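Observations on the three-dimensional arrangement
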Amino acid sequence: MGKLIVSLSPHAHGNDSVEKNMYGVIIALVPALLVSLFYFGIGSAIVLATSVLACVFFEWAITKFMLGKKKTTICDGSAILTGLLLGFNLPSNLPIWIIIVGALVAIGIGKMTFGGLGNNPFNPALVGRCFLLVSFPAQMTSWPVAGQLTSYLDAETGATPLSIMKMAIKEGNPDLLADLPSATHLLLGSNPTGGLGTIGEVCAIALLIGLAYMLWKKIITWHIPVSIIGTVFVFSAIMHFANPIYADPFTEILSGGLMLGAIFMATDYVTSPMTARGQIIYGIAIGFLTIVIRNWGSYPEGMSFAILIMNGFTPIINMYIKPKRFGEVPAKK
């Protein structure tokens, strides 16, 4: 009988790498990027360029001068991705100095404070976004109307679908929901009567194209996006049929940063659970918290806060929801 030799893992090597996955997500963001330039023009370009350059600079500076490392990590794509996602979560008329502050918080506090990529418990882009939302609420809730391609700080603003939905709940008047754009407008990213929201959330079709690309390339799995969107659909449908002051489920899904968060933010490798079952639990909780914050919280949008809250629960989910180890013998009760 031959001798069985068991070597240490890993037993096989794949062609995955941090760089490949990071740049894969960046490619998936290209459709939403092009749509943002189409609707917001120079404002979108300034905000996104500032955010990306600031994030790359702060990661390089902190790594080199504060951590004392000779090799920087700015080429792995993670700082670029953080800058893009932060910019996608900002209005297209935000002043440059506020964007730089957000980038410093995202990289310096959200990422490098914990040891850099792979060690951060919270999504860095959302840390920067929520910091700006709490610190500069007026500037962060000013939403330019589409079509002002050459306007930046002086762009005309208008009410977003989420603000209309919030007002209908606050006043208990379902007639206000008549001002909401149709599902077709939300899919395409147009709002004839008001503002569109943040740079990256305006067109659901562009985000779905990015989702299809990442699923095709196996960068992410379906568990988190589907569980978030499904949970929001179910709970918003129940609430809409129980009381018409709440928007219908299709409007809830297609409005605000829900699609952007479900596809690109909640699926972050570092801050989301490792197992499929854990990811479904994580997604359901995010969807539920999003609806709760949207309908009864102080802010019209709840996606960012819901993701950050569940980022904090990810270690617990990983601890209690994990697969059985190969060869494990169940303990006798």
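One structure accompanies this document, and this report is about it.

The rules behind each value
- Residues numbered from 1 in each chain as written.
- Predicted model: local features only at pLDDT ≥ 70, side-chain atom pairs only at ≥ 80, totals over all residues.
- Heavy atoms only, no water.
- 1 Å grid on protein atoms, 1.4 Å probe; cavity = no way out; pocket = protein on both sides within 12 Å on 5 of 7 lines; lining within 4 Å.
- Points joined across faces, edges and corners; volume = space filled by probe spheres on them.
- Helix = DSSP H or I, 4+ residues; strand = E, 2+ residues; numbered from the N terminus.
- Nonpolar A, V, L, I, M, F, W, Y, C, P; charged D, E, K, R; others polar.
- Buried < 20%, exposed > 50% of the residue type's maximum accessible area, 1.4 Å probe, protein only.
- Lys, Arg positive; Asp, Glu negative; His and termini not counted.
- Salt bridge = Lys/Arg side-chain N within 4 Å of Asp/Glu carboxyl O.
- Contact = heavy atoms within 4.5 Å.
- Phe/Tyr/Trp six-rings, centres within 6.5 Å; stacked < 30°, edge-to-face > 60°.
- Lys NZ or Arg CZ within 6 Å of the ring centre and 35° of its normal.
- Expected span 1.5 Å × (residues − 1).

This part takes up the layout of surface pockets. If you add up the space inside the largest pocket, you get close to 380 Å³. Together, 23 residues line the largest pocket, and Met22, Leu81, Leu117, Asp268 and Tyr269 are the ones closest to its centre. Put simply, the parts of the chain that give the lining of the largest pocket at least two residues each are helix 1 (18–28), helix 4 (78–88) and helix 6 (124–135). When its residues are assigned to classes, the lining of the largest pocket shows 14 nonpolar, seven polar and two charged. One number sums up the size of the second largest pocket: a volume of about 290 Å³.

In this approach, a probe sized like a water molecule rolls over the atoms, and the result shows the empty space that is left. Summed over the entire model, instances satisfying the criterion amount to three cavities of 30 Å³ or more. The set of elements that each furnish at least two residues to the lining of the largest cavity consists of helix 8 (161–171) and helix 14 (276–296). A per-element tally of the lining of the largest cavity places helix 8 first, with four residues. Of the residues contributing to the lining of the largest cavity, the split by class is seven nonpolar, one polar and three charged.

Positionally, arginine 129 belongs in helix 6. Despite its burial, arginine 129 pairs with no opposite charge; the closest candidate is glutamate 201, at 5.5 Å N-O. The contact partners of arginine 129, leaving out residues within four places of it in the chain, are Leu86, Asn89, Met140, Thr198 and Ser304.

When you line up the elements, leucine 81 lands in helix 4. Among the residues examined, leucine 81 registers a relative accessible area of 9% and is labelled buried. As for leucine 81 and valine 52, which are separated by 29 residues in sequence, their C-alpha atoms are 7.7 Å apart. Those residues in contact with leucine 81 that lie beyond four places of it in its chain are Met22, Val25, Ile26 and Leu29.

Taken as a whole and assessed by the stated rule, the structure comprises ten aromatic pairs. Ring centres of tryptophan 60 and phenylalanine 65 lie 5.4 Å apart, and the angle between their planes is 85°; this geometry places the pair in the edge-to-face category. Tryptophan 60 sits in the partly exposed class, given a relative accessible area of 30%. Of the aromatic side chains, those joined through ring pairs into one cluster are Phe57, Phe58, Trp60 and Phe65. Positioned above the aromatic ring of tryptophan 216 is the side chain of lysine 217, whose terminal nitrogen or guanidinium carbon lies 4.5 Å from the ring centre.

The periodicity of an α-helix, 3.6 residues per turn, causes residues three or four places apart in sequence to face the same way. A rise of 1.5 Å per residue sets the reference length of helix 14, with its 21 residues, at 30 Å; its end C-alpha atoms lie 30 Å apart and thus fit the reference within 8%. Restricting attention to buried positions, one finds in helix 14 the residues Gly278, Gln279, Tyr282, Gly283, Ile286, Gly287, Thr290, Ile291, Ile293, Arg294 and Asn295.

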